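Chains, contacts and geometry: an overview
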Amino acid sequence: MTSPKSLQIGVMLEAVQLSDVIGIDILGSLSKTYIQSVVSSFPTDDSTIGPALLDLAPEITIHFISSTLEAAHATPGLRFLPTTTYASCPLDLDLVLIGGPLPDHRPPASIQFLKDVVSKGKDTTIMSVCTGGMWLADSGVLQGRKATAQREVLGLLKVQHPEVEWLDQRWVVDGNFWTAGGAGCGVDMIIAYIKERFDARLVGLVLQALQFGTDQGQLYKD
């Protein structure tokens, strides 16, 4: 597997459960900037690390999106400065990550942003975690697709969005749409994604360093 040379990622971080989007750090750890820091800080004679590994790492740009550029909130009381808004974020993204907010958090600009990203024609990977699947479904872009969300709200979603085939799985992949259950499912989903899209040597180093990668699979055990 050849890693992509560059990656532009948008993270819908406003008012979400922080643990739902923690997987963004796994993606960020694949970046050339991060790997360069690791290589510089821990010199080694191992030929699999250093310039060879650095050549596999992509340039990654992450856009943290909110309604305005003013300080926004996520759990558990985190305040952060967005880097862009729904209205100004580039649409030519390679991946969008949607964490789970409360059901009353649906800024109209966020709904339009999701519609625009999906309709623009580029094969953007859309990822949702936990109740982020509800947010995604409310935008209308899941119509006719298989998807999942937090396990406890699947019954409600089947009523609210019968146009979506809701599956009781840890995560579901339907084309460019990757949807996950709770936060832990989202981490495992992102690990599955990077194993498909990036060089195994790069992925292996990052997962070993972070101690992620339980290989629980897509299905619940009960």
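Residues numbered from 1 in each chain as written. Predicted model: local features only at pLDDT ≥ 70, side-chain atom pairs only at ≥ 80, totals over all residues. Heavy atoms only, no water.

1. Concerning the sheet that holds strand 2 (residues 59–66)
In any sheet, the strands associate via hydrogen bonds between backbone groups, in a parallel or an antiparallel arrangement. In spatial order, the strands read 5-2-1-6-7-11-10; together these 7 strands make up an open sheet with mixed pairing. Pairing within the sheet leaves two strands with one partner each, and these edge strands are strand 5 (84–85) and strand 10 (171–174). Bridge count for strand 7 (residues 125–129) against strand 11 (residues 177–180) is 4 bridges, and the pairing is parallel. In the sheet register, isoleucine 126 faces strand 11, and the bridge partner there is phenylalanine 177. Along the sheet face, helix 4 (residues 108–119) touches strand 1 (6–12), strand 2, strand 6 (95–98), strand 7 and strand 11 and points at about 150 degrees away from the line of strand 6. (Pairing = 2+ DSSP bridges. Helix = DSSP H or I, 4+ residues; strand = E, 2+ residues; numbered from the N terminus. Contact = heavy atoms within 4.5 Å. Axes fitted to C-alpha atoms, helices over the stretch in contact; angles between N-to-C directions.)

2. Regarding the nonpolar core
Counting 65 residues, the largest nonpolar core has Met12, Leu27, Leu30, Val96, Phe113, Trp166 and Ile194 as the members making the most contacts within it. The element best represented in this core is helix 7 (residues 183–197), accounting for 7 residues. Not counting chain neighbours up to four residues away, the residues in contact with tryptophan 166 comprise Gly133, Ala137, Leu142, Ala147, Thr148, Ala149, Leu154, Leu157, Lys158 and His161. (Core = buried A, V, L, I, M, F, W, Y, C linked by side-chain atoms within 4.5 Å. Buried < 20%, exposed > 50% of the residue type's maximum accessible area, 1.4 Å probe, protein only.)

3. A closer look at the packing of aromatic side chains
According to the stated counting rule, one finds 2 aromatic pairs in the structure shown. Plain terms: the ring middles of tyrosine 86 and phenylalanine 113 are 6.2 Å apart, the flat faces sit at 50 degrees to each other, and that makes the pair tilted. A residue pair is termed long-range when its members are at least 10 positions apart, and tyrosine 86 in the loop between strand 5 and strand 6 and phenylalanine 113 in helix 4 qualify at 27 residues. According to the relative accessible area criterion, phenylalanine 113 is buried, its value standing at 2%. Measuring from centroid to centroid gives 5.4 Å for tryptophan 178 and tyrosine 193, while their planes differ by 90 degrees, and the two rings are edge-to-face. Of the two residues, tryptophan 178 sits in strand 11 while tyrosine 193 sits in helix 7, which places them 15 residues apart along the sequence. For the residue pair tryptophan 178 and tyrosine 193, the accessibility class agrees, reading buried in each case. The ring of tyrosine 220 carries the charged tip of arginine 151 above its face, separated from the ring centre by 3.8 Å. (Phe/Tyr/Trp six-rings, centres within 6.5 Å; stacked < 30°, edge-to-face > 60°. Lys NZ or Arg CZ within 6 Å of the ring centre and 35° of its normal.)

4. Focus on the pattern of salt bridges
All chains considered together, the criterion is met by 7 salt bridges. The closest approach of N and O atoms between glutamate 165 and lysine 146, which form a salt bridge, is 3.8 Å. Taken as a pair, glutamate 165 in strand 9 (residues 165–166) and lysine 146 in strand 8 (residues 146–147) lie far apart in primary sequence, 19 residues in all. Look at glutamate 165 and you get partly exposed, because its relative accessible area is 42%. Among the residues examined, lysine 146 registers a relative accessible area of 38% and is labelled partly exposed. (Salt bridge = Lys/Arg side-chain N within 4 Å of Asp/Glu carboxyl O.)

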